[in-house]
Amino acid sequence: MERTTAQAPGTARPTAPHAHAPDAERLRRWRMVLGADSADSTGCTLTGQDAAMDGALNALYGGGAGKKPGGGRGAGGRSAGLGASAPSVARWLGDIRTYFPSSVVQVMQRDAIDRLGLAALLLEPEMLEAVEADVHLVGTLLSLNKAVPETTKETARAVVRKVVEDLEKRLASRTRATLTGALDRSARISRPRHRDIDWNRTIRANLKNYLPVPGPAGAGGAGEPGGAGGAAGRGTIVPERLIGYGRASRSAKKDVILCIDQSGSMAASVVYASVFGAVLASMRTLSTRLVVFDTAVVDLTDQLDDPVDVLFGTQLGGGTDINRALAYCRSKITRPADTVVVLISDLYEGGIRDEMLKRVAAMKASGVQFVTLLALSDEGAPAYDHEHAAALGALGAPAFACTPDLFPDVMAAAIEKRPLPIPDKETQQ
């Protein structure tokens, strides 16, 4: 509350007789936080842009909560106009985009959808054109996918595509760079041709075979130890074991299966996983399969060239049968030692729990690298089944939440068969 902010053009600051400027600013801030109903003791009257901001906030968080927001521009006090039509909501969305930064707008939109039941209005084109598009909005649109009317479908796809393209720009280059390095390292061979030798790793691996070379006093001719070619303080390393890079191959070096729970609580994870799936599918050295499931299993691999098609092929909501999904994934594994399976789920299993665990154990025993992500989003771990998470951890498949920025490192570790970079490891199962 003590932080100062820049004065917005046209904003009138409340003043009280004999009040110092810092005190007036402090009262103004408390008035904005508390709202009209609870802020009588501040003695502040809001005017200009402050009053308009207060009206927009009141429509969502004030006495009008539970109704659809609308109006609010230039309204005095905390009594924003309320209406039930999409145009009035669109005007409110325009107001908050005028008065607040993008990050705050996204939070307010989410709250409006949750608190005021505005999801149905997202099916109208003018509403979609007014919103600030983000991952959570895409999740809401996907949950309404089957109800989207023809007049709104193109607008909805445009909104989803914008978010997907922004995510690809943010995530694609680092993902490709990280995984290309991991694939190159995992492809090193122990009997390389001369041009394929990784000299730095070969020298480090053979330091124990260092032999000192005698100085000039030693006997021997040129080219022999101690001969004219020798020098005091120098030695040689006998390369008992050569380490080299694998030669480039047209075939995929690793198989990746993304198995995604599409229950309603996993909406953000579905969006991010679809984008990552498209990025992985674009890498020639990876063979990527994307499977989504609820109580049924759908293979969307043939749509991976366009993550928007993948997203509209999902159906958020419904039950969960992880066991059935893993059974399908296991049937597609042909090279266990070169396969990474990533299960993204909150682990609330509606199928057969013991069979699910047996399938995970069987995959790991065959050499599959199995990764369990409770979420793939920026929000951290959601509510999840702790008992199932603990059981998977006991099988060597620890379950943890993963941010999109960490995901490339998790995949690189799985590809190289290294310990996974689990955040807050002491609190993870």
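Residues numbered from 1 in each chain as written. Predicted model: local features only at pLDDT ≥ 70, side-chain atom pairs only at ≥ 80, totals over all residues. Heavy atoms only, no water.

1. A word on a nonpolar patch on the surface
Reasoning step 1: Taken together, Trp 30, Val 33 and Leu 34 make up a surface patch of nonpolar side chains, about 270 Å² in accessible area.
Reasoning step 2: In this structure Leu 34 comes out as partly exposed when scored by relative accessible area, which is 37%. (Patch = residues over 30% accessible without salt bridge, like charges linked within 9 Å, V, L, I, M, F, W, Y side chains within 5 Å. Areas by Shrake-Rupley, 256 points an atom, 1.4 Å probe, with all protein chains shown as cover. Salt bridge = Lys/Arg side-chain N within 4 Å of Asp/Glu carboxyl O. Buried < 20%, exposed > 50% of the residue type's maximum accessible area, 1.4 Å probe, protein only.)

2. As for the sheet that holds strand E3 (residues 254-261)
Reasoning step 1: Reading across the sheet, the six strands line up as E5-E4-E3-E6-E7-E8 and stay open at both edges, with mixed pairing between neighbours. Looking along the sheet, the strands with just one partner apiece sit at the ends: strand E5 (297-299) and strand E8 (399-402). Across the sheet, the axes of successive neighbouring strands diverge by a mean angle of 25 degrees, strand direction being ignored.
Reasoning step 2: Summarising the sheet, strand E6 (residues 339-344) and strand E7 (residues 369-376) pair through five bridges and their orientation is parallel. (Pairing = 2+ DSSP bridges. Helix = DSSP H or I, 4+ residues; strand = E, 2+ residues; numbered from the N terminus. Axes fitted to C-alpha atoms, helices over the stretch in contact; angles between N-to-C directions.)

3. Focus: the nonpolar core
Reasoning step 1: Formed by 85 residues in total, the largest nonpolar core has its most connected members in Trp 92, Leu 122, Val 342 and Phe 407.
Reasoning step 2: Tallying contributions element by element places helix H7 (residues 150-186) first for this core, with 10 residues.
Reasoning step 3: Ignoring any residue separated from it by four or fewer positions in sequence, one finds Leu 122 in contact with Ile 113, Met 127, Leu 128, Val 131, Leu 137, Thr 140, Leu 141, Leu 144 and Thr 152.
Reasoning step 4: Ranked by size, the runner-up nonpolar core spans 25 residues in total, among them Ile 322, Val 360, Met 363 and Ala 389. (Core = buried A, V, L, I, M, F, W, Y, C linked by side-chain atoms within 4.5 Å. Contact = heavy atoms within 4.5 Å.)

4. Some remarks on unusual backbone geometry
Reasoning step 1: Phi is positive for Leu 347, close to 70 degrees, though the residue is something other than glycine.
Reasoning step 2: Among the secondary structure elements, Leu 347 is positioned in the loop between E6 and helix H12 (353-365).
Reasoning step 3: Leu 347 sits in the buried class, given a relative accessible area of 0%.
Reasoning step 4: Positive phi outside glycine occurs at Lys 417, with the angle close to 60 degrees.
Reasoning step 5: For Lys 417, the position within the fold is in the segment after helix H14 (407-416).

5. Here we look at the pairing of E6
Reasoning step 1: In terms of burial, E6 is largely enclosed, as six of its six residues are buried.
Reasoning step 2: Neither face of E6 is exposed, since Thr 339, Val 341 and Leu 343 on one face and Val 340, Val 342 and Ile 344 on the opposite face are all buried.
Reasoning step 3: Viewed along the sheet, the connection from E6 through H12 into E7 turns out right-handed. (Right-handed = clockwise from strand over helix to strand, strands pointing away.)

6. Some words on the side chain of Ser 274
Reasoning step 1: You can see Ser 274 is positioned in helix H9 (residues 267-281).
Reasoning step 2: Residues within four places of Ser 274 in sequence aside, it is in contact with Leu 290, Pro 307, Val 310 and Leu 311.

7. Some remarks on the confidence of the model for the chain
Reasoning step 1: Per-residue pLDDT for the chain averages 78, and the proportion of residues at 70 or more is 76%.
Reasoning step 2: Across the chain, E6 holds the top mean pLDDT of 97, while helix H3 (residues 86-99) sits lowest at 73.
Reasoning step 3: Of the regions scoring below 50 in pLDDT, residues 1-19 engages in 26 contacts with residues more than four places distant in sequence or in other chains.
Reasoning step 4: Considering only residues more than four positions removed or in separate chains, one finds that residues 71-84, a stretch of pLDDT under 50, has 47 contacts. (pLDDT = per-residue confidence, 0-100.)

8. Digging into the pairing of E3
Reasoning step 1: Among the eight residues in E3, eight count as buried, and that is most of the element.
Reasoning step 2: Every second residue of E3 is oriented toward a common face, with Lys 254, Val 256, Leu 258 and Ile 260 on one face and Asp 255, Ile 257, Cys 259 and Asp 261 on the other, all of them buried.
Reasoning step 3: Crossover connection from E3 via H9 to parallel strand E4 (residues 286-293): handedness right-handed.
Reasoning step 4: Direction of pairing for E3 relative to E6: parallel, over a ladder of six bridges. When the bridges of E6 are listed, Ile 260 appears paired with Ile 344.

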